[in-house]
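Residue-level listing of the chains:
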Amino acid sequence: ETGVTQTPRHLVMGMTNKKSLKCEQHLGHNAMYWYKQSAKKPLELMFVYNFKEQTENNSVPSRFSPECPNSSHLFLHLHTLQPEDSALYLCASSQEGGRAAGELFFGEGSRLTVL
Amino acid sequence: DAKTTQPPSMDCAEGRAANLPCNHSTISGNEYVYWYRQIHSQGPQYIIHGLKNNETNEMASLIITEDRKSSTLILPHATLRDTAVYYCIVSNQGAQKLVFGQGTRLTINP
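The shown structure was predicted, so the numbers you read here are calculated from the model rather than taken from an experiment.

### Describing the sheet that holds strand S1 (residues 4–7) of chain A
Residue and element names in this part refer to chain A.
Next up, step 1: The sheet built from four strands is open, its strands ordered S1-S3-S8-S7 with antiparallel pairing. Looking along the sheet, the strands with just one partner apiece sit at the ends: S1 and strand S7 (64–70). The sheet shows a mean angle of 15 degrees between the axes of neighbouring strands, direction not considered.
Next up, step 2: For strand S3 (residues 18–25) and strand S8 (residues 73–79), the ladder comprises seven bridges, and the chain directions are antiparallel. Bridge pairing links Cys23 to Leu74 in S8.

What follows is the structure, encoded as structure tokens:
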């Protein structure tokens, strides 16, 4: 148990569907992240939020739409995805500033399959 | 633009020390060295990080060379549960810009 909870753990969707991934952190952290991990590829940073404000968008296609309503919750809204978007989507949080900076806490991930 | 180089795989016997090397010859003065690991089907887990002094915690020890161009992560008494992919990362922006490479796949054998 890392203190970061992701739901759903598994999701199958068609290319015309709209779905959302949810992440909640119970650690009181001030930054949250979305990473993508495709098969045989390294983790790719997608988005970074600091104090609810998006500070990094790593050239992610607009069919992925993040939302951060508060410092504890992060969503990834998905629409008109492609089969190559099938991957493990990982949420993480951190407390930036001070000695703990750089220590990411990851959730278990949401495994997405796009048909 | 790879900042670190790690062997793709390593094996270690259970109960022995596992020593995982990492080269970061272009590291700059304000960049930290971070180590994470990812056990199959789980999210990555933070292990340790350091700037220039050696560091130790309950999970591992981090040895950084004096010129800071390489480091070694040491798991003192490896168990089967330490089988995972280990990532060495350098960054000067905390967690904001951690770039994960391919890592080293460590297999602990009984």
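### Details of the interface of chain B and chain A
By convention, interface size is frequently given as the accessible area that disappears when the constituent parts associate.
Next up, step 1: Between chain B and chain A, the contact holds 21 residues from the first and 24 residues from the second.
Next up, step 2: Here chain B and chain A share an interface that buries about 1,700 Å² over both sides, 47% of which is from carbon and sulfur atoms.
Next up, step 3: At the surface where chain B touches chain A, the tally comes to zero salt bridges.
Next up, step 4: Along the contact surface separating chain B from chain A lie three residue pairs in polar contact (both at pLDDT 80 or more).

### What to know about the environment of Asn30 of chain B
Next up, step 1: Inspection of the secondary structure assignment puts Asn30 of chain B in the loop between strand S2 (18–23) and strand S3 (32–38).
Next up, step 2: In this view, Asn30 of chain B contacts Leu51, Arg68, Ser91 and Asn92 of chain B; residues no more than four positions away in its chain are not counted.

### Describing the nonpolar core
Next up, step 1: In terms of nonpolar packing, the biggest core is built from 22 residues, with Trp34, Phe64, Leu76 and Leu78 of chain A touching the most fellow members.
Next up, step 2: Secondary-structure elements contributing two or more residues to this core are strand S2 (10–13), S3, strand S4 (31–37), strand S5 (44–50), S7, S8, strand S9 (87–94) and strand S11 (110–114) of chain A.
Next up, step 3: Grouped together as the second largest cluster of nonpolar side chains are 21 residues, Cys12, Leu73, Tyr86 and Ile108 of chain B included.

### Describing the state of the cysteines
Next up, step 1: This model, assessed by the stated rule, comprises two disulfides over all chains.
Next up, step 2: Note on cysteine connectivity: Cys23 of chain A is disulfide-linked to Cys91 of chain A, with sulfurs 1.9 Å apart. On the sign convention where negative means left-handed, the S-S torsion of about -75 degrees between Cys23 of chain A and Cys91 of chain A marks this disulfide as left-handed. One end of the pair, Cys23 of chain A, is in strand S3; the other, Cys91 of chain A, is in strand S9, with 68 residues separating them in the sequence. Pair check on accessibility: Cys23 of chain A and Cys91 of chain A agree, each one buried.
Next up, step 3: Residue Cys22 of chain B pairs covalently with Cys88 of chain B via a disulfide, S to S 2.1 Å. Because the torsion about its S-S bond is -85 degrees, the bridge between Cys22 of chain B and Cys88 of chain B counts as left-handed. A residue pair is termed long-range when its members are at least 10 positions apart, and Cys22 of chain B in strand S2 and Cys88 of chain B in strand S8 (residues 84–91) qualify at 66 residues. Cys88 of chain B carries the same exposure label as Cys22 of chain B, and that label is buried.

Conventions adopted
Residues numbered from 1 in each chain as written. Chains lettered and ligands numbered in written order. Predicted model: local features only at pLDDT ≥ 70, side-chain atom pairs only at ≥ 80, totals over all residues. Heavy atoms only, no water. Pairing = 2+ DSSP bridges. Helix = DSSP H or I, 4+ residues; strand = E, 2+ residues; numbered from the N terminus. Axes fitted to C-alpha atoms, helices over the stretch in contact; angles between N-to-C directions. Contact = heavy atoms within 4.5 Å. Buried area = accessible area lost by both parts, 1.4 Å probe. Salt bridge = Lys/Arg side-chain N within 4 Å of Asp/Glu carboxyl O. Polar contact = N/O pair within 3.5 Å; in protein donor to acceptor, adjacent residues only side chain to side chain. Core = buried A, V, L, I, M, F, W, Y, C linked by side-chain atoms within 4.5 Å. Buried < 20%, exposed > 50% of the residue type's maximum accessible area, 1.4 Å probe, protein only. Disulfide = S-S within 2.5 Å.

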